[in-house]
Every structure is written in structure tokens, then in C-alpha cells.
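Structural features, examined
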Amino acid sequence: MKRRPFSLSLSVYAFSVAFLFLPLLILISYSFNEGKTAAWTGFSFDWYIKLFTGSKDLWRAFWNSISIAMASAVTATLIGTLGAIGMNWYKFRIKSYVRLVTFMPLIMPEIILGVSLLTFFTSMRFQLGWVSVFVAHTTFCLPFAFLMVTARLEEFDYSVIEAARDLGANERQTLLKVIVPMTMPGIVSGFLTAITLSMEDFVTTFFVAGAGSSTLPVTVFGQMTKGGISPVINALSTILIIGTVMLSLLAKNFLKYIAAQ
């Protein structure tokens, strides 16, 4: 058998995969470690038992993250979808300026966004809590949803719209029965991206979260600053990794189903 020549691209790919997934594998393995230290002392499910029986703060933060992520993702996707459709189909003078303002949260450093939102809420005497975190997450998720739908609309076949209007469809029917179904892959991608961004955000949430509205990243950071990395956090992270993989597979199959229609 001939020996295969050295491949730089394959080596870089293998290194990148190892760099990304090796820490996750280490985290998962230590969630089953019996001891609290880095030394392996034995296999155990104790930390998972403690996670489900005595970690009320983590679970409260987890459900805060889920509820805020779903609400902000739905809102950002809805506004971003309608905004992208309007920007592509209608012409007005300040169109370029509106597009620029829409993308500002995308390029703005998170700490600046967090401080500016905190200043806004404080000046308006708005109580920090679930609603303030929801508004903040919707703000920085909106450009991503807008970008995903815009990218899909750039590949849109405009002759389909003309055919729908020739058949008697009005503007609302064209939107709901033609444009939205054909841009669904972009809408789903924007929605999933918004959920991911909301679930992992720490900096912006740290500034605008009030009492009882801390999300999972903020709560985990608070516990780590007090007592280091707890194996219970490793157990919860393992569950989140499994859930993320399942959600990714589900989204992949859903997008394949849409593309086949």
C-alpha cells in the first residue's frame, strides 16, 4: 500500500476538532468523577443526583435562561423577518441608514452594549429584572435574525411572487403563502442562532439582570468566584451538551424536510 502524503489542511482540521472537542470530553468525564479535585478517584453518579435534588439556584437560573432565550428569540426572529422582507421589497430614502443602525448591535462590543442598556434602564427608572434581560437579549439577537433572513432573500426567485399575483393573491396572501415558506430555512436558522446567543450571553446580562432574573452563565460565574468549579456544574454542562446535540440534529432534519418540499 502506498503511503499517503502529508496533508496540511487535514492536519489543521484534526487539530481544530481536537482543540474544540477535547475540553468538552474532559468536562463530561469529570462530571462522573467521585471526587471534587482534578485527580480521578472513581466513577460515580453522585453529582447528577445532587444536581437534581439540591441545586435550586442552578435550576432557577436554567429556567430563566430558557424562558428568556425562547421569548427573545421569537421576538427577534419575528421583527428581523419582517424587517428583512421590508428592506428587500420596499424602497425609501433612509434605507441604508436603517440597515446600518440594525447592524450596530452586531459589531458593538458587548460591554458597551451592556453599559448603554444599563444607563438607559436607570435613566428611565426601569426596574431591572426579567423584562430588562428580555429587552437586552432581543436587541443583540435581532441583527443575527435579520442577517439570516436577508441572506435567504438574496437567493429568492422574484418570478414566484409575480406568478402568485397573476393568480390573484393579494399582498398578505403572497407574504404568508409564498414569501414566508420560501424563506423558512433562513427564519429557522435565525431563530436557532438567537437561542444560542441568548443562552450563552454573560456580559450584557451581567449588567441588566436584577434580583431573581440571573441567567445560567451569570449564576455559574457567581458560584465559580466563590468556590471554584463545582462538579455539579460539570454535570449540568454535560446535560446541556447532550441537549444541544439533540437540538442540532432535530434542526438539521427539519431544514432537510423544508428543502425537500
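Residues numbered from 1 in each chain as written. Predicted model: local features only at pLDDT ≥ 70, side-chain atom pairs only at ≥ 80, totals over all residues. Heavy atoms only, no water.

**Section: the layout of surface pockets**
Selection criterion: Here the term cavity refers to a set of points on a 1 Å grid, laid over the protein atoms alone, in which a 1.4 Å probe fits but cannot get out; the term pocket refers to an open set having protein on both sides within 12 Å along at least five of seven lines, with lining residues being those that place an atom within 4 Å of a point. Grid points are joined across faces, edges and corners, and a volume is the space filled by probe spheres set on the points. The secondary structure listing takes helices from DSSP runs of H or I that are at least 4 residues long and strands from runs of E that are at least 2 residues long, numbered from the N terminus. Each residue gets one of three labels, nonpolar for Ala, Val, Leu, Ile, Met, Phe, Trp, Tyr, Cys and Pro, charged for Asp, Glu, Lys and Arg, and polar for the others, Gly among them.
By volume, the largest pocket amounts to about 720 Å³. Residue lining of the largest pocket: 22 residues in total, with Ile195, Thr196, Met199, Leu240 and Thr244 positioned closest to the centre. Put simply, the parts of the chain that give the lining of the largest pocket at least two residues each are helix 3 (56-89), helix 9 (184-200), helix 11 (216-227) and helix 12 (231-260). Per-element tally for the lining of the largest pocket: the top contributor is helix 12, with nine residues. Broken down by class, the residue content of the lining of the largest pocket amounts to 15 nonpolar, six polar and one charged. When its volume is computed, the second largest pocket comes out at roughly 220 Å³. Taken together, Phe21, Leu24, Leu25, Leu27, Ile28, Ser237, Leu240, Ile241, Thr244 and Val245 make up the full set of residues lining the second largest pocket. Elements supplying a minimum of two residues to the lining of the second largest pocket: helix 1 (8-30) and helix 12. Each residue belonging to the lining of the second largest pocket can be placed in one class, and the counts come to eight nonpolar, two polar and no charged.

**Observations concerning a nonpolar patch on the surface**
To be explicit about the condition: Residues form patches when they are more than 30% accessible in relative terms and have no salt bridge. Like charges link within 9 Å. Nonpolar side chains (Val, Leu, Ile, Met, Phe, Trp, Tyr) link within 5 Å. Accessible surface is estimated by sampling points in the Shrake-Rupley manner with a 1.4 Å probe; for residues, cover comes only from the protein chains shown. Each reported salt bridge corresponds to a side-chain nitrogen of Lys or Arg within 4 Å of a carboxyl oxygen of Asp or Glu. Think of it in three bands: residues with accessible area under 20% of the maximum for their type are buried, residues over 50% are exposed, and the middle band is partly exposed, with areas taken using a 1.4 Å probe on protein chains only.
Where nonpolar side chains cluster on the molecular surface, the patch consists of Phe120, Met124, Phe126, Trp130, Val131 and Val135 and spans about 540 Å² of accessible area. Broken down by element, the residue count for the nonpolar patch peaks at three residues, all from helix 6 (residues 130-153). Along the polypeptide, Trp130 turns up in helix 6. Its relative accessible area of 35% is what places Trp130 among the partly exposed residues.

**Regarding unusual backbone geometry**
Residue Arg125 is not a glycine yet carries a positive backbone phi of 55°. Structurally, the position occupied by Arg125 is in the loop between helix 5 (110-123) and helix 6. With a relative accessible area of 81%, Arg125 lands in the exposed category.

**Quick notes on the packing of aromatic side chains**
Put simply, the rule is: Working definition: a ring pair exists when centres of Phe, Tyr or Trp rings (six-membered ring for Trp) sit within 6.5 Å. Plane angles under 30 degrees give stacked, over 60 give edge-to-face, the rest tilted.
With the rule as written, the count across this model stands at 16 aromatic pairs. Residues Phe43 and Phe45 carry aromatic rings whose centres are separated by 5.2 Å and whose planes lie at 90° to one another, so their mutual orientation is edge-to-face. Under the relative-accessibility criterion, Phe43 is labelled exposed at 55%. Between Phe206 and Phe221, the ring centres sit 6.5 Å apart and the planes meet at 85°, which makes this aromatic pair edge-to-face. Remark: Phe221 occurs in helix 11 and Phe206 occurs in helix 10 (residues 203-208); sequence separation between them is 15 residues. Members of the aromatic cluster, each reached through a chain of ring pairs, are Phe32, Phe43, Phe45 and Tyr48.

**Focus: the pattern of salt bridges**
Applying the stated criterion across every chain yields a total of one salt bridge. Across the pair Asp57 and Arg60 runs a salt bridge whose closest N-O atoms are separated by 2.9 Å. Note that Asp57 and Arg60 are positioned in helix 3 at a spacing of three residues, about one turn of the helix. Among the residues examined, Arg60 registers a relative accessible area of 45% and is labelled partly exposed.

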